[in-house]
Amino acid sequence: MIESIDFTKSEQYTLSIRLSTDGFSFSIYDPFCDSKLFFKQYAVNTQRSMAANVKSFLAETEELKYKYKQTNILIHSSRYTPVPLEIFEDEQMESLFYQNLPKQNNEIVLCNILGKSNLVILFSIDKLTHQFLTDNFASTRFFSAVSPQIELLTAKSRLGNNSKLYANLHPHSIDLFCFDRGKLQLINSYPVTTTEDTCYYLLNVWKMLGYDQERDELHLTGDLSQQNSLMGELKKYIRKIFIINPQAELHSATDTPIEEVPFDIQSLLICE
């Protein structure tokens, strides 16, 4: 828990739930008092389906039984694909999605339209999971976990006259976002098991895009246990490496640290 919160006022709060094979988590945020943020994690049983884990999560978590003004569901998965906004048509959503990803049974395809980025993110969610969540919460919005990050990082990447690579580190994967002065060049997620894997993908993408070792920037966020070991190795090849700190943007009124809150949830709250 980050900060105590008055659940008798839950109907003015925003609930954000993050679903991942690494585990579930959620935050409860008071938009009228940005020093109030409740955060909690929930372990999943990897032997059970996503829907079964979600059903248990909803049944066992007391904080989810209150009514909220808005509920956001973030799906952390590699099953997403970007589409330029100018060519996007609602009726082509599934065909565009399955051009890039293998079809799976019992899933639905959803979309996030990103106005700041002129981009649409198509992503999928298990049908039963979707049903449990929409039945449980009255006002629900679904997001691919990469969507709010793209919106936030698009704005950040416009600062300065150089290219920037942003890496969000997870226990078993890494999300990469590459920008040239506000223009998204590449987004992708990769499975990783070691620091060496992470370095390989970062440096390979850096080289593929022709980024400059002296002038362009690498920004890291996410799993703190990986950041320190990565910094030492990557500084051999890239001069400008930074750790993202959203503290000032999200919590200007408090000294409460929020590093344990996943960066995609942080991004969504900042972009709200």
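Novice: Explain the overall build of the protein here, please?
Specialist: Counting its secondary structure elements, the protein contains 8 helices and 13 strands. Relative to the 2.2 N^0.38 estimate, which gives 19 Å for 272 residues, the radius of gyration of the protein is 19 Å and therefore close to what a compact globule would have. Considering the protein as a whole, with its 272 residues, one finds that 52% of them fall into the buried category. Surface summary for the protein: the accessible area is close to 13300 Å², and the carbon and sulfur share equals 48%. For the protein, the separation between the mean place of its 25 positive charges and that of its 34 negative charges on side chains is 2 Å.

Novice: Whenever I open this one, the sheet that holds strand 1 (residues 14–19) confuses me. Can you help?
Specialist: Strand pairing in a sheet takes place through backbone hydrogen bonds and is either antiparallel or parallel in direction. Read across the open sheet, the 5 strands follow the order 3-2-1-4-8; overall the sheet is mixed. Of all the strands in the sheet, just strand 3 (37–42) and strand 8 (140–144) have a single pairing partner and so form its edges. The sheet shows a mean angle of 15° between the axes of neighbouring strands, taken without regard to direction. Of the pairings in the sheet, the one linking strand 1 to strand 2 (residues 24–29) comprises 5 bridges and is antiparallel in character. What sits directly across from Ser16, in strand 2, is Ser27. Its contacts with the sheet place helix 1 (residues 50–60) against strand 1, strand 2 and strand 3, and it is angled at close to 40° to strand 2.

Novice: Any chance you could explain unusual backbone geometry here in plain terms?
Specialist: Peptide bonds are mostly trans, and most non-glycine residues show a negative phi. Here Asn118, not a glycine, exhibits a phi torsion of approximately 50°, which is positive. Within the secondary structure, Asn118 sits in the loop between strand 6 (107–114) and strand 7 (119–126). Backbone geometry at Arg181 places phi at a positive 50°, although glycine is not the residue there.

Novice: Is there a simple way to explain the nonpolar core in this structure?
Specialist: Most often, soluble globular proteins have nonpolar side chains that are buried together. Ranked by size, the top nonpolar core spans 38 residues in total, and within it Ile17, Leu19, Ile28 and Leu133 carry the most contacts. Each residue touching Ile17, except ones within four places of it in the same chain, is listed here: Ser25, Phe26, Phe57, Leu64, Thr71, Asn72, Ile73, Leu74 and Phe137. The next biggest cluster of nonpolar side chains, apart from the first, holds 21 residues, and it includes Cys178, Leu202, Met231 and Ile241.

Novice: Explanation requested: the side chain of Lys164 in the structure shown.
Specialist: Position of Lys164 among the secondary structure elements: in strand 9 (residues 163–169). The charged side chain of Lys164 is buried without a salt bridge, its nearest counter-charge being Glu217 at 4.4 Å. Of the polar contacts made by the side chain of Lys164, one reaches the backbone oxygen of Leu159; its length is 2.5 Å. The contacts of Lys164, once residues within four sequence positions are left out, are Lys156, Ser157, Leu159, Phe177, Cys178, Phe179, Tyr211, Glu217 and His219.

Novice: I'm lost on the sheet that holds strand 10 (residues 173–180) in this one. Help?
Specialist: If you trace the 5 strands from one edge of the open sheet to the other, you get 11-10-9-12-13, paired in mixed fashion. Two strands in the sheet have a free side with no partner beyond their single neighbour: strand 11 (183–191) and strand 13 (240–243). Between one strand and the next, the sheet's axes are offset by a mean angle of 15°, whatever the strand orientation. In this structure, strand 9 lies alongside strand 12 (residues 217–222), joined through 6 bridges in parallel fashion. Within strand 12, the residue paired with Tyr166 across the bridge is His219. Packed onto the sheet, helix 4 (residues 146–157) meets strand 9, strand 10 and strand 11 and runs at close to 35° relative to strand 10.

Rules used throughout
Residues numbered from 1 in each chain as written. Predicted model: local features only at pLDDT ≥ 70, side-chain atom pairs only at ≥ 80, totals over all residues. Heavy atoms only, no water. Helix = DSSP H or I, 4+ residues; strand = E, 2+ residues; numbered from the N terminus. Rg over C-alpha atoms; globule rule 2.2 N^0.38 Å. Buried < 20%, exposed > 50% of the residue type's maximum accessible area, 1.4 Å probe, protein only. Areas by Shrake-Rupley, 256 points an atom, 1.4 Å probe, with all protein chains shown as cover. Lys, Arg positive; Asp, Glu negative; His and termini not counted. Charge placed at Lys NZ, Arg CZ, Asp CG, Glu CD. Pairing = 2+ DSSP bridges. Axes fitted to C-alpha atoms, helices over the stretch in contact; angles between N-to-C directions. Contact = heavy atoms within 4.5 Å. Core = buried A, V, L, I, M, F, W, Y, C linked by side-chain atoms within 4.5 Å. Salt bridge = Lys/Arg side-chain N within 4 Å of Asp/Glu carboxyl O. Polar contact = N/O pair within 3.5 Å; in protein donor to acceptor, adjacent residues only side chain to side chain.

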